[in-house]
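If you want the building blocks of each chain, they are given just below.
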Amino acid sequence: MQLYNLKDHEQQVSFVEAVKTGLGRNQGVFFPTHLAPLEDVDALLDLDFVTRSAKVLRHLLGDELSDETIAGMVEGAFTFPAPLVKVADNMHCLELFHGPTLAFKDFGGRFMAQCLAQFSQGEKVTILTATSGDTGAAVAHAFYGKENIDVVILYPEGKISLAQQKLFTTLGGNVHCYSVTGSFDDCQAMVKEAFLDDELKTRLGLNSANSINISRLLAQVCYYFEAVAQLPKAQRSKAHISVPSGNFGNVCAAMIAAVIGLPIQKLSATTNQNDTVPRFLASKQWQPNDTLESLSNAMDVSRPNNWPRVQTMLDNGDFSYGDFFSHAVDEQTTQSAMKELNEMGYLAEPHTAIAYEGLKADLADDHQGIFLATAHPAKFKESVDSILDMDLPMPQALAEALAKQCLAQPMSADYTQLREAMLNKLG
Ligand SMILES: *Cc1c(COP(=O)(O)O)cnc(C)c1O
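None of these values were measured; they are calculated from a predicted model. Sequence positions are assigned chain by chain, starting from 1 and proceeding in written order. Only residues with pLDDT of at least 70 get local features here, since the model is predicted, and only at 80 or more are side-chain atom pairs given and counted; chain-wide, interface and lining totals rely on the full set of residues. In computing side-chain values, all of the structure's heavy atoms are included and hydrogens and water are not.

## Overview of the domain arrangement of the protein chain
Right, so step 1: Here the limits of each domain have been adopted from an automatic or database domain assignment. Domain boundaries assigned for the protein chain yield domain 1 (81–103 + 214–388) and domain 2 (105–212 + 403–426).
Right, so step 2: Relative to domain 2, the C-alpha centre of domain 1 lies at a distance of 27 Å.
Right, so step 3: The interface of domain 1 with domain 2 comprises 20 residues on the first partner and 20 residues on the second.
Right, so step 4: Buried area adds together the accessible area that both of two parts lose upon being put together, with accessible area traced by a 1.4 Å probe. Approximately 1,900 Å² of surface area, both sides summed, lies buried where domain 1 meets domain 2, with 56% of it carried by carbon and sulfur atoms.
Right, so step 5: The three residues of domain 1 that bury the most area against domain 2 are Thr101, Arg216 and Lys379, which together make up 37% of that side's buried surface.
Right, so step 6: We define a salt bridge as a contact between a side-chain nitrogen of Lys or Arg and a carboxyl oxygen of Asp or Glu at a distance within 4 Å. Scanning the region where domain 1 abuts domain 2 turns up zero salt bridges.
Right, so step 7: Side-chain atoms alone can form a polar contact between residues adjacent in sequence; in general such a contact is a pair of N or O atoms within 3.5 Å, and within protein one must be able to donate a hydrogen while the other accepts it. The interface formed by domain 1 and domain 2 contains seven residue pairs in polar contact (both at pLDDT 80 or more).
Right, so step 8: Secondary structure elements follow DSSP: runs of H or I no shorter than four residues count as helices, runs of E no shorter than two count as strands, and numbering proceeds from the N terminus. Element by element, the count of residues in the side of domain 1 that touches domain 2 is highest for helix 10 (residues 214–229), at five residues.
Right, so step 9: Note on residue classes: Ala, Val, Leu, Ile, Met, Phe, Trp, Tyr, Cys and Pro are nonpolar, Asp, Glu, Lys and Arg are charged, and everything else, Gly too, is polar. Residue classes in the side of domain 1 that touches domain 2 are distributed as eleven nonpolar, six polar and three charged. The contact rule is simple, with two residues in contact once any of their heavy atoms fall within 4.5 Å.

## Considerations on the nonpolar core
Right, so step 1: Within this scheme, the nonpolar core is defined by two criteria: the residues are buried Ala, Val, Leu, Ile, Met, Phe, Trp, Tyr or Cys, and they are joined through side-chain atoms within 4.5 Å. Whether a residue is buried, partly exposed or exposed follows from its accessible area with a 1.4 Å probe, protein chains only, as a fraction of its type maximum: under 20%, in between, or over 50%, in that order. In terms of nonpolar packing, the biggest core is built from 128 residues, with Phe15, Phe143, Tyr224, Phe225 and Phe324 touching the most fellow members.
Right, so step 2: Ranked by residues supplied to this core, first place goes to helix 10 with twelve residues.
Right, so step 3: Counting residues domain by domain, this core receives three or more from each of domain 1 (81–103 + 214–388) and domain 2 (105–212 + 403–426).
Right, so step 4: Setting aside its immediate chain neighbours within four residues, Phe324 contacts Val251, Met255, Leu267, Ala269, Leu281, Trp307, Val310, Leu314 and Phe319.
Right, so step 5: Met190, Leu200, Leu204 and Ala421 belong to the second-largest nonpolar core, a separate cluster that totals 20 residues.

## Description of the side chain of Arg236
Right, so step 1: Among the secondary structure elements, Arg236 is positioned in the loop between helix 10 and strand 10 (239–244).
Right, so step 2: Of the residues examined, Arg236 reaches a relative accessible area of 12% and is grouped as buried.
Right, so step 3: A polar atom in the side chain of Arg236 sits 3.3 Å from the side chain of Asp46.
Right, so step 4: Here Arg236 is in contact with Asp42, Leu45, Asp46, Val228, Ala229, Leu231 and Pro263, once residues within four sequence places are set aside.

## Quick notes on the sheet that holds strand 14 (residues 409–412)
Working definition: the strands of a sheet are paired by backbone hydrogen bonds and lie parallel or antiparallel to each other.
Right, so step 1: A sheet is described by the order of its strands in space; here five strands give the open sequence 9-6-7-8-14, paired in parallel fashion. The open sheet is flanked by strand 9 (206–207) and strand 14, the only strands paired with a single partner.
Right, so step 2: Any two strands are treated as partners once DSSP identifies two or more bridges connecting them. By the bridge criterion, six bridges tie strand 6 (residues 125–130) to strand 7 (residues 149–156) in an arrangement that is parallel. Each bridged residue has a counterpart across the sheet, and for Leu128 the counterpart in strand 7 is Val152.

Right, dumping it as structure tokens:
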């Protein structure tokens, strides 16, 4: 797969290079120069998830990677299902939270880990990432125990939930965690400084594993095929999919799936009160506001860094602006949507409820709606318990992590400390 930098079209890279570099020159993201349509999508939809995903990825990456390599990476990454649950006559929920850290980020994180383990060929790799919650856990679990790869995670002390924190700080081994006295922005600033530090970068082989990485998006393309495959055959051409969106990586993957031939009729990218994209679509003015804190905190993003990829497909006419919806759902409506779903017999956390609400607004009578459940309700137990007045039991993976000891070391929000710690431990 050939890719080009959306901010500097001269810069062209292979998939392997794009995975290893992450971001291009001038902070530009990479995008495929060409997305060819798949042949015989109907036959593909009859295959099982892992076999079909290997075929979809072979279609995209077969010019660079052997069939065996791709099949091995898919088998290693996709070890849990993505069931479609019927919620009403024309409403379904795609549950993406059955992985080890109970959020959809396991799909992309685990496939990216397979890619880097494969492409680094024994060179040293250090994944350095700052987390405000879900990404840290997904990345830590995905890379845990991988040879020649170390993971360093920074998080703001006391600012993420105990469940989120214990999912990655209790692993040990090649996963090194620091609890920083400061905010998430302080953590991100330290990570940014590390990536400008050429000595550190080359000595440790730094990579960020953030949601900009193209390998994560291509992994996510696969579960949209799995969603449509689970609809009754006669309804497979009628899908309207709603994606709860923050950085717009997930909806970008849905659009790529549509561009290569998956019959997605309509797409909704629903946001919380951080509504830069819905306002942009209405006014054509890009005017990010300050980021607001919401119940759906994984979507508290006002400058979505995958938007340029989505806009490229819309501007090129690969997906029609007329079939793309984006609404913002406020805090109060998020809560009433959770209650409404609960009355329909479906338990949802805030991100999932937002996807449902956005879908309801635009779903046509003759379409089949699919909204994405991006996290397990127990991951947001505090909100779910108080809004729905219940005491949700903890799933086993979370209960086990909560019982273990946190191995993170304290650190002040100071880059020189991080640099020293990393060189001492990993240099
Ligand atoms: C990351 C995340 C999102 C947002 O996904 P994007 O790809 O950033 O748009 C939605 N829900 C949950 C639970 C998440 O962790």
